[in-house]
Amino acid sequence: MKRCKPHLFRTSVFLLFLSAAIPAFCQRGTIDINAGETSDKFGALPTVNSAVLDLNGELIVKKPSAKNGGPSIVAGGEVRVPSDDTNHAKEFAVFGGLAFQARNSFSLGVNAQIRKIDLPAATVDNQIFVRDNLELLEIPIVLKYNFGPARRAFVHVQGGPEFSPRFRTNGGTTLILPHPNLDHGYFLRGSVGYAFGKWYAQGTYQTRYFKFEQNQNNPTNLYNWKSNMITGGVGLIF
């Protein structure tokens, strides 16, 4: 298991940024911390599991005017750190987007987000193969629905296709895999929770899948990746 101090530092910077930006710029915001388990399977390698910490923040930078209407402008980010990053990916993301309030209890939005995924190396027959890190442009559709007494219960769903990533080398002296061609991929995330005043509790499930073309650039499908994450957490509404 690798030391996680650099990741804790990035997480701290992320939280400090949100705490500074929320009162200075936004009209409303949320931040939550979640813990649970992630399950990852690469190619034909066995499935591995690890504890995971997931931090999320979202700001409403600008609300629509009461007179003219229109969408809200939102921005935010995510930091995801597994307890075992020798077998699991670390993820960092920032996004901006538009949210349209269809009615008091329902909103529909679209985000543009940049995600960096630090993939672990693979060990096959006692030989280490280094996967390059991925940089992704994702454009998820975001649905939010509130219901129940005072609309305190909520369901949030987002997802979309994965596009061809940009590969960033890990370096090192071990064998580096060539860059494969993406066949298809997708991600889907859903949360269910309940707000207690300014605090809320939630449970979240996410799945992500990448399939790359099987050729000399993707030997034994070592870049093919199926990931599932389930967490529970608490958050604060600003």
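Please refer to the structure placed before this passage.
Keep in mind that this is a model prediction, so the values were computed, not measured. Note that residues are indexed from 1 along each chain, following the sequence as it is written. Restriction of local features to residues with pLDDT of at least 70 applies here, the model being predicted, together with a cutoff of 80 or more for giving and counting side-chain atom pairs; totals for whole chains, interfaces and linings are based on all residues. Only heavy atoms go into the side-chain values, all of them from the structure, while hydrogens and water stay out.

Caption draft 1: View of the environment of Asn 215. Relative to the assigned elements, Asn 215 resides in the loop between β14 (199-212) and β15 (225-237). Between the alpha carbons of Asn 215 and Pro 180 there is a distance of 7.9 Å; along the sequence they are 35 residues apart. Put simply, DSSP H or I for four residues or longer makes a helix, DSSP E for two residues or longer makes a strand, and each gets a number counted from the N terminus.

Caption draft 2: Region of the structure containing the packing of aromatic side chains. Between 30 and 60 degrees the pair is tilted, below 30 it is stacked and above 60 it is edge-to-face, where a pair is any two Phe, Tyr or Trp rings, Trp via its six-membered ring, whose centres lie within 6.5 Å. A complete count under the given rule lists 10 aromatic pairs for this structure. Taking the centre distance of 5.9 Å and the plane angle of 80° together, the rings of Phe 154 and Tyr 200 count as edge-to-face. Of this pair, Phe 154 sits in strand β10 (residues 153-161) while Tyr 200 sits in strand β14, and the two are 46 residues apart along the sequence. Judged by its relative accessible area of 6%, Phe 154 is buried. Burial classes: relative accessible area under 20% of the type maximum marks a residue as buried, over 50% as exposed, and values in between as partly exposed (1.4 Å probe, protein chains only).

Caption draft 3: Molecular detail of unusual backbone geometry. One non-glycine residue, Asp 125, lies in positive phi territory at about 50°. Relative to the assigned elements, Asp 125 resides in the loop between β6 (122-124) and β7 (127-130). Although it is not a glycine, Asn 126 adopts a positive phi angle of roughly 65°. Tracing the chain through its elements places Asn 126 in the loop between β6 and β7. Residue Asn 126 is classed as exposed on the basis of its relative accessible area of 78%.

Caption draft 4: Looking closely at the pairing of β7. Strand pairing follows a simple DSSP-based rule, namely that at least 2 bridges must link the two strands. Relative to β7, β6 is paired through three bridges, and the arrangement is antiparallel. The residue bridging Thr 123 from the neighbouring strand is Ile 128, located in β7.

Caption draft 5: Seen up close, the pairing of strand β3 (residues 72-82). Extensive coverage of β3 is indicated by the burial of nine of its 11 residues. Across 10 bridges, strand β2 (residues 48-62) lies against β3 in antiparallel orientation. When the bridges of β3 are listed, Lys 62 appears paired with Ile 73.

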